[in-house]
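The lines below spell out each chain.
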Amino acid sequence: MIKGKVVEITSMATLVVTAVEAEKEAVVRGLPKNSAIEVIVGGVGIAQMAANTAVALSQHTYQAVVNVGIAGGFVEEAPVGSFVVANEIIAADLGAESEKGFLSLEELDLGVSRLACDQTVVERSVRSLEKLRLDVTEGAILTTTTVTGTASRAKLLKVRFPTAKAEAMEGYGVLAAARLYNVPAFEWRSISNVVGPRDREKWKIKEALALLEQAAPALVEVFS
Ligand SMILES: O=C(O)c1cccc(C(=O)CC[C@H]2O[C@@H](n3cnc4c(=O)[nH]cnc43)[C@H](O)[C@@H]2O)c1
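Residues numbered from 1 in each chain as written. Predicted model: local features only at pLDDT ≥ 70, side-chain atom pairs only at ≥ 80, totals over all residues. Heavy atoms only, no water.

- As recorded in an unreviewed UniProt entry, the protein goes by Futalosine hydrolase and comes from Aliibacillus thermotolerans.
- UniProt lists a comment for the protein under the heading Pathway (unreviewed entry), and it reads "Quinol/quinone metabolism; menaquinone biosynthesis."
- For the record of the protein, the UniProt heading Catalytic activity (unreviewed entry) holds the text "futalosine + H2O = dehypoxanthine futalosine + hypoxanthine". (UniProt positions renumbered as here; feature names shortened; annotations may be inferred.)

Some remarks on the pattern of salt bridges
Okay, step 1: If you walk through the whole model with that rule in mind, you get 9 salt bridges.
Okay, step 2: Between Glu221 and Lys131 there is a salt bridge, with the nearest N and O atoms lying 2.7 Å from each other. Of this pair, Glu221 sits in helix α6 (residues 205–223) while Lys131 sits in helix α3 (residues 119–131), and the two are 90 residues apart along the sequence.
Okay, step 3: Classification of Glu221 as partly exposed rests on a relative accessible area of 44%.
Okay, step 4: In this structure, the salt-bridge partner of Arg189 is Glu170, at a minimum N-O distance of 3.0 Å. Here the residue Arg189 occupies a position in strand β12 (residues 185–194), and Glu170 occupies one in the loop between β11 (164–168) and α5 (171–180), the gap between them amounting to 19 residues. Of the two residues, Arg189 and Glu170, both sit in the buried class.
Okay, step 5: Via salt bridges that share partners, Glu77, Lys158 and Lys165 belong to a single interconnected network. (Salt bridge = Lys/Arg side-chain N within 4 Å of Asp/Glu carboxyl O. Helix = DSSP H or I, 4+ residues; strand = E, 2+ residues; numbered from the N terminus. Buried < 20%, exposed > 50% of the residue type's maximum accessible area, 1.4 Å probe, protein only.)

Side note on the site of the ligand
Okay, step 1: Neighbouring the ligand are 16 residues; Glu167, Glu170, Asn193, Arg198 and Arg200 lie closest to it.
Okay, step 2: Between the ligand and Glu167 there is a distance of 2.6 Å, counted from a nitrogen atom to a side-chain nitrogen or oxygen.
Okay, step 3: One of the side-chain nitrogen or oxygen atoms of Glu170 is found 2.6 Å away from an oxygen atom of the ligand.
Okay, step 4: Isolated, the ligand exposes 610 Å² of accessible area, and the fraction of that covered by the protein chains is 82%.
Okay, step 5: Among the secondary structure elements, those contributing two or more residues to the shell around the ligand are β5 (64–73), β11 and β12.
Okay, step 6: Residues of the shell around the ligand, tallied by class, amount to 8 nonpolar, 3 polar and 5 charged. (Near = heavy atom within 4 Å. Polar contact = N/O pair within 3.5 Å; in protein donor to acceptor, adjacent residues only side chain to side chain. Areas by Shrake-Rupley, 256 points an atom, 1.4 Å probe, with all protein chains shown as cover. Nonpolar A, V, L, I, M, F, W, Y, C, P; charged D, E, K, R; others polar.)

Quick word on the UniProt feature "domain: Nucleoside phosphorylase" (unreviewed entry) in the protein
Okay, step 1: Residues annotated by UniProt as "domain: Nucleoside phosphorylase" (unreviewed entry) correspond here to residues 27–219.
Okay, step 2: End C-alpha to end C-alpha, residues 27–219 measures 9 Å, and it is 34% helix and 30% strand.

Topic: the nonpolar core
Grouped burial of nonpolar side chains is what soluble globular proteins tend to show.
Okay, step 1: If you look at the biggest cluster of nonpolar residues, it comprises 61 residues, and the most contacted ones within it are Val27, Leu129, Trp188, Leu219 and Phe223.
Okay, step 2: Examining the composition of this core, we find that 10 residues originate from one element, α6, more than from any other.
Okay, step 3: Counting 10 residues, the second-largest nonpolar core is a separate cluster that includes Leu142, Ala154, Leu157 and Ala164. (Core = buried A, V, L, I, M, F, W, Y, C linked by side-chain atoms within 4.5 Å.)

This is the structure we're talking about:
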């Protein structure tokens, strides 16, 4: 629950939302029985994730919502096989192109495209995940509408968002829904691939799903 600017973790349930069934199954496999963690599938991409998270938040009171899944890691920031906890969730391509480059919603005075996550909870998350022997880092996680597939796009995103550690497709959707219900939002990602030239053969999805299972007990420690 958010009390002023402080996030207070209570015994209320926590909602975990994944993009696909395989991610949900990995998290559920790693959770102890009877935990206060509810896991649902929200769909791939911002729109489906926002809609389905909002429906879930409208039906039950949760103390927090966590988007959990696989992601791409930026070179020299988050290697394949590591884990990232978002300290900021950023809608990286929600805005306008111009001769001067990309203009964010803030620069267009059209709304909020990025928000910091509660730092106390972020730090507790990192510590808890480290105890589970995960190679964890914290940083910004970008939400994009398209999976980056070239070195030039990866470089452009890294220059535009220098604190970015990873790229995925749903975090901002969870954030948008959570803001409607005044619920703190978080994003935890295991790194399945490098953000850059598309090379499907190099994606380590099975290994990244196994990391989600390994990380799941930390959800109980941090959010219970
Ligand atoms: O391009 C392909 O052949 C391909 C094969 C398997 C999966 C995909 C995806 O587009 C997965 C998108 C899905 O996974 C998350 N994700 C994982 N890595 C990234 C990334 O580098 N950039 C963005 N999203 C990523 C994402 O959150 C989706 O849920 C493609």
